[in-house]
Every structure is written in structure tokens, then in C-alpha cells.
Amino acid sequence: MAFQLRDYQQEAVDATLRHFRKTDESAVIVLPTGAGKSLVIAELARLARKKILVLAHVKELVEQNHAKYESYGLNASIYSAGLKQKSTEHQVTFASIQSVARNLDDFSEHYSLVIIDECHRVSGDVDLKPEDIENADDSASNKKNETQYLQLIRKLKEHNSGLKVLGLTATPYRMGIGWIYQTHHYGFARSETPRPFVKCIYELPLSYMIKRAYLTPPKLIDATIAHYDFSSLNPSANGEYAQGEVNELLNRYPRVTEGICEQITDITQAQEYQGVMIFAATVEHAKEIVSYLPKNETALVVGNTHHQERSDLINRFKAKELKFLVNVSVLTTGFDAPHVDFIAILRPTQSVSLYQQIVGRGLRLSEGKDHCLVIDYAGNSVDLYHPEVGQPKPDSDSVPVMVNCPKCDFANTFWGKVDEDGHLIEHYGRRCWGMEELEEGTEVQCDYRFKFKECGACGAENDIAARVCVECQQPMVDPDDQLKNALKLKDAKVIRCAGLSLASKDNRLIVTYHDEQGVELKESFDFNKQAQKTVFNRLFGARFKQGSEPRQFASVAEVLRSEHFLSAPDFVVARKQGKFWRIKERLFDYQGRYRKANQES
Ligand SMILES: [Zn+2]
Ligand SMILES: [Zn+2]
């Protein structure tokens, strides 16, 4: 049996084989919705020959994946209580994780591969080592703390310690959790600590699928007439907004929702859109939206919609009996109605992944559909084609910026600020994410830091939040303690540094630090003396242009020419020595409780 795989599907299969020939480490494949991952699964199953298990978190997805697999003329088992089948007789079993986790003893066999669909939902490290399994405390309470996925993997590894785990997803990032894998095959890291999966071995961007006409092109429109302004709301760490706050804000704009719904109805009629999905911010909001839409053509699906009612409504929507489907983010992953050609976003989101999932509902190919209209009424200004930065957006005018590492040249994506011409003003990146290859094929993350604090004991560069030095393990001085202690001393002066200026005298460089009120501290570096030149370069050269290219200054004149690009410390601490103030500390890249200059308190 041979299938006709698209080029990228074959590449994904080849990448999987290459990876698992080398290692048992878990792997992730990132394919946009609609990329046909079922063919990738079918080909892997064919090549595996031994038993494999394909997991999903909802029975709809189990059913969908199974049906797709059988459509290639293959047979597979289903193990899902919700689908009233619990069989593992075929080489391939499509299973729901909940059903499997409740019946682990049915999986006391040799499986060679577990494939986890929508694997961005997995928490915990799936790479359980044989010693983890042997040393595991078998008490019930300990097992309860483990996710269902990990329980299953533990069980399967008892029968095959070389079990391979492969995750599939369109969105390898989850707000609040972060990246689901640690390193990428392009040679960069996503995290300094272990993630649920070890490595992303293949990734296909959405733009590729659209360019090759495997997906419908979206027509993206920012609503200008009627829209919401959610910018005053602050999302939580996991990117969610408090429902109460959202409702309160929406209540302040009673006419806006009505106006939006009129526009959606008008556009739908005028342009003859076939299937309209509307994403609401809260349940209350969704109900209000429904009240403004044509009664006989509108359905509402929210979290507590009864299961039977939900599938009836979805079926009527798929049959085009209903034109408008309103929901509160319940119909993102796994929902498949290819005729959807108009998506209206009335909810705020900070997440590129969620935005992609929402828009993805309208990108399936369908007879007679040449585009999908996407109107964002919530002013999210998310770039559909831009990757996740991996950190919460620091403020509303930050944008993703590309910053090359001066050490390894890797192109990092960080949050940052640009001027009107798109030139970088500043960025918030801390450490380069590039990977460097050592001998024997092992890789480590590049150690270049754009922002850092120096260890007082050994001088090593550390992350600005580090508590213990990465090199010598000595505790790092807390800058807040440093400031607090200095502020207590009578003979100390601390300035909140707003900028610096330079002057020269007899080959000495004079640096003046200014605070917001005009208070100054001065120090000088004698460039005739190598030691002082070295200190200056260590302090200022490494932070040249925000660390984007470290410099070694040879002369005072050279420094003066680059004055504009030197980074000023955030605080400067001096002690009285005779008649003079002698500078003791310069706190660069400060992060802590004290307000920095030019920063609102
Ligand atoms: Zn680097
Ligand atoms: Zn150290």
C-alpha cells in the first residue's frame, strides 16, 4: 500500500525516521491545520510495522482521525468509551487519552510509537527515563499528580523502554505555559529548562500552505468603523482576560455590538458568504450577539451547551441550514466545517496561536470558495504569519523585532520598539536562543546575553533575574539589597540614572551620570592605563547598542564618536571619599522593586 504524500508530508515522515533512528528523545512536528497530518500518521504506521497508538483529547478528534485513516483503505482500531469501542486489535489504534488512562492494563503490550495529536495540551516532561520508572513511588497519591499522558507513557515504557513519542500540533506554544519543546531543528532553543517535548523536528509555516494553495487565502481586515477598544485591559500571565472586566468594558459600548452585528449581516448578504463564525469574548457577550443576528439562521455554542444539542447545531451549520455560528472559543481545535468563509473576531487575544486557530477555521479548501474574510473587531493587531515571541507582550506598542546574535549570528525574535521607519530603538531580549554544536553532535544553547548582571565573585555574565551564578554557583547579589543598603548609608549617594554624557581630558574619558532632577555623579577612565581601559570596555563595550554588537574601544576618541550608542546604568551608587564621591556600583539592566528613570511608578 502506497499513498500519494505531498512533498512536505514526506519531509515530515523522513524527519521523524531520521530523528528516531538517532535517539529515543521525544519529538514534535508542527503542521498547520489542514496540512493533512493523517497521511503522515498513516505512512508512519505503515513503516512502523509494530503496534502504534494515536491519541487525541476529544472523541470527535479520535473519530475524525480514524475515519481519515480508513479512507485510505486501511483498518484501525478505536479505543474510546465515548465512541463505544474499546479495541486494540489492529496495528494502529486511535484512542482517547481519558479512556486509555482509565484502562491502562489494556495496554500491557509492546508499542513502538505513541503519536499525540494536539500535543500542545500535554503538560510535564514526556521523556520519562527508565530510572524514573524503576524508582517511581507506586503510591496512588504520587500517580495522581501525573498527567494522564505521563501515566500512559510510563506504562508503555514498562513493555518497551525504547518507546518513541511524537507530538503533532499546529500551535506549539501555550500562553502561560510557553513553548512545548525545548530545541528546534533549525538550531535554536526555546527554553533553558526542559519542556514537555525535547525537539521540534519539522515545522511548516502557514504561509507555505496558503502560497501553495493547500489552504484558502484569508482576506484580513481590521475593522475601522465599529470596533472595541480592549487595550485598557491587562491579560493575566496565561494571556486570558478576566471575564468580569471584559463584560464591564462591553457594557460601556452597548451600541458597538449591535453595529458590528449589523455590519456582519450586511456583508454576509451582499457578498453571499456561506458560513459565518463569530468569536465572542464572554458568554454574556455571545448571547447579546445572537440577539442581533437573524433568528432562524443563527446558532450559539458555549461551554455548557448540551452535547447532543451541540452536535445537532454543528450538523445544521455544516448543512448550511444555519448561516451564523456564535461561540466563545470552544470551536477552535478539531472543529471542521470547510465551507466557513467569513470569520468575525469580537474577542481580545494576545496569542498568535489562538489567533491562528481561530482564523484556521476558515482556511479549509471548499468548492466555490476563493477566500475567507476575516474581520478583527477587537483591535488585536496580531500578525497571522508572525511567530510567537514566547514572552508576554511587555506593552501595547511593542512589536516582534529581529535581533542577530553578535556571537553566533542567530536571528532572534524578541519584543522591542521601532521608530516610524521601522528601525530598532530598543529590544527586551535577554539571551540568544541560538544553538551551538559541540563535538559528537551534542548541542548547547549559545551563552551570549544581551542583558546581564555580573557575578561579584567570578565576573561571569548571568541573567538579570539569576539568584545563583551559573558559573561558580555563588549567590548573586540582589540589586534591590544593594540599593537598600546604599540608601541606608550616610556617606553614600544613589542616583536614578536617566542618561550619561562624555567628555575627555588628557586621554582620560570623563563619564557623567545624570538623574532626572539634574543631580550628577562623575567618574573617569584613564585610557593610558590598560586596566582602566579594560574596566570601561567590560562595563560599556559589552552593552554597546544594547548588546547587539560588543565593542572593544581602543581610544577615548573612538568612545566619543559612539557616545549615542552607549547604554547608561539604571542606578549609580557612590561613596564619599574625602571631598569626592567615588563610584562604587553601576547597576545595569536593573529589574526590581525600585522605579527606574523615565519609568512610570
Ligand atoms: Zn548566539
Ligand atoms: Zn560567579
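What you see is a predicted model, and the numbers here were worked out from it, not measured in a lab. (Residues numbered from 1 in each chain as written. Chains lettered and ligands numbered in written order. Predicted model: local features only at pLDDT ≥ 70, side-chain atom pairs only at ≥ 80, totals over all residues.)

Quick look at the overall build of the protein now. Counting secondary structure elements, the protein contains 16 helices and 30 strands. If you line up the protein on its principal axes, its C-alpha atoms span 85 × 65 × 45 Å. A burial count over the protein gives 37% of its 601 residues as buried. For the protein, contacts bridging at least 24 residues in sequence account for 62% of all contacts bridging at least 6. (Helix = DSSP H or I, 4+ residues; strand = E, 2+ residues; numbered from the N terminus. Buried ≥ 20, exposed ≤ 12 C-beta atoms within 10 Å, placed from the backbone. Contact = placed C-beta atoms within 7 Å.)

Next up on the list: the sheet that holds strand 29 (residues 571-577). Strand order in the open sheet formed by five strands is 28-27-26-29-30, with antiparallel pairing between adjacent strands. Each edge of the open sheet is held by one strand with a lone partner, namely strand 28 (520-526) and strand 30 (580-587). Across the sheet, the mean angle from the axis of one strand to that of its neighbour is 45°, orientation sign disregarded. Looking at chain direction, strand 26 (residues 492-505) and strand 29 are connected through five bridges and run antiparallel. Bridge pairing in strand 29 links Ala492 to Arg575. (Pairing = 2+ DSSP bridges. Axes fitted to C-alpha atoms, helices over the stretch in contact; angles between N-to-C directions.)

When you line up the elements, Tyr228 lands in the loop between strand 13 (218-222) and helix 9 (243-251). Take Tyr228: there are 25 C-beta atoms within 10 Å of it, and that puts it in the buried class. Beyond its immediate chain neighbours, meaning those up to four positions away, Tyr228 contacts Tyr253, Val256, Tyr377, Ala378 and Gly379.

Another aspect to go through is the domain arrangement of the protein. Domain boundaries in the protein define domain 1 (7-204), domain 2 (211-376), domain 3 (399-445) and domain 4 (475-587). Centre-to-centre separation of domain 2 and domain 3, based on C-alpha positions: 35 Å. (Domains from an automatic or database assignment.)

Val114, Ile278 and Leu346 are the most contacted members of the largest nonpolar core, which totals 107 residues. Broken down by element, this core gets its largest block of residues, six residues, from helix 2 (residues 37-48). The residues that make up this core include at least three from each of domain 1 (7-204) and domain 2 (211-376). Contacts of Ile278, omitting those with residues within four sequence positions, involve Ile264, Ile289, Phe324, Leu325, Val326, Ala344 and Leu346. Counting 24 residues, the second-largest nonpolar core is a separate cluster that includes Tyr513, Phe536, Phe571 and Phe588. (Core = buried A, V, L, I, M, F, W, Y, C linked by C-beta atoms within 7 Å.)

Here Lys51 is to be found in strand 2 (residues 51-56). In this structure, the C-alpha to C-alpha distance between Lys51 and Gly176, residues 125 residues apart in sequence, is 35 Å. In this structure Lys51 touches Gln91, Glu109, His110, Tyr111 and Ser112, once residues within four positions along its chain are discounted.

The subject of this paragraph is helix 1 (residues 7-22). Relative to the 22 Å expected for 16 residues at 1.5 Å per residue, helix 1 spans 23 Å between its end C-alpha atoms, a close match to the ideal helical length. Buried within helix 1 we find Gln9, Ala12, Val13, Thr16, His19 and Phe20. When helix 1 is viewed along its axis, its buried side chains cluster within an angular range of 130° and face the same direction. Exposed positions of helix 1 whose direction lies more than 90 degrees from the buried face are Asp7, Arg18, Arg21 and Lys22. Contacts from the buried residues of helix 1 go to strand 1 (27-30), helix 2, strand 7 (164-169) and strand 12 (197-203). (Expected span 1.5 Å × (residues − 1). Arc of directions from axis to C-beta.)

Neither face of strand 1 is left uncovered, since the one carrying Ala27 and Ile29 and the one carrying Val28 and Val30 both have all their residues buried. Judged from the four bridges that link them, strand 1 and strand 12 form a sheet pairing that is parallel. Residue pairing across strands places Val30 opposite Glu203, the latter belonging to strand 12. Direction of pairing for strand 1 relative to strand 7: parallel, over a ladder of four bridges. The residue bridging Ala27 from the neighbouring strand is Leu166, located in strand 7.

Attention now moves to helix 12 (residues 307-318). Helix length check: helix 12, at twelve residues, gives a terminal C-alpha distance of 16 Å against a target of 16 Å (1.5 Å per residue), a fit within 8%. Within two residues after helix 12, Lys320 carries a phi angle of roughly 65°, on the positive side.

This part takes up unusual backbone geometry. The phi angle at Glu272 is positive, at roughly 55°, despite the residue not being glycine. The class for Glu272 is exposed, based on 8 C-beta atoms found within 10 Å. For Asn507, which is not a glycine, the phi torsion comes out positive at approximately 60°. Counting through the fold element by element, Asn507 comes out in the loop between strand 26 and strand 27 (508-515).

Here we take up the packing of helix 1 against helix 2. Axes are the key here: two packed helices are described by the angle between their axes and the distance separating the axes. With their axes 9 Å apart at the nearest point, helix 1 and helix 2 run at an angle of 45° to one another. One element, helix 1, and the other, helix 2, form an angle in the oblique class. Note on packing geometry: the crossing formed by helix 1 with helix 2 is right-handed. Note on element contacts: helix 2 touches helix 1 through Leu39, Val40, Glu43 and Leu44, opposite Gln9, Ala12, Val13 and Thr16. In the contact of helix 1 with helix 2, the residues fall into five nonpolar, two polar and one charged. (Parallel < 35°, antiparallel > 145°, perpendicular 65-115°, else oblique. Left-handed = near helix turned anticlockwise from the far one by under 90°. Nonpolar A, V, L, I, M, F, W, Y, C, P; charged D, E, K, R; others polar.)

Summarising the model, the protein shows a mean pLDDT of 87, and 94% of its residues fall at 70 or more. Counted against residues more than four places away or in other chains, residues 135-144, with its pLDDT under 50, gives two contacts. (pLDDT = per-residue confidence, 0-100.)

On to the sheet that holds strand 15 (residues 298-301). Read across the sheet, six strands follow the order 13-18-17-14-16-15 without closing on themselves; strand pairing throughout is parallel. In this open sheet, the two edge strands, each paired with only one partner strand, are strand 13 and strand 15. Strand-to-strand twist across the sheet, computed as the mean angle between neighbouring axes with direction ignored, equals 15°. Sheet topology places strand 17 (residues 342-345) next to strand 18 (residues 372-376); four bridges connect them, and they run parallel. What sits directly across from Ala344, in strand 18, is Ile375. The sheet contacts of helix 12 involve strand 15 and strand 16 (324-327), and relative to strand 15 the element is tilted by about 140°.

Here we come to the packing of helix 10 (residues 254-271) against helix 11 (residues 283-292). It is at 9 Å that the axes of helix 10 and helix 11 come closest, and there the two elements cross at 50°. By the angle between their directions, the pair helix 10 and helix 11 is classed as oblique. The two elements helix 10 and helix 11 cross, and the hand of that crossing is right-handed. Packed against helix 10, whose contacting residues are Thr257, Glu258 and Cys261, the element helix 11 presents Glu288, Ile289 and Tyr292 at the interface. Looking at side-chain class alone, the contact of helix 10 with helix 11 contains three nonpolar, one polar and two charged residues.

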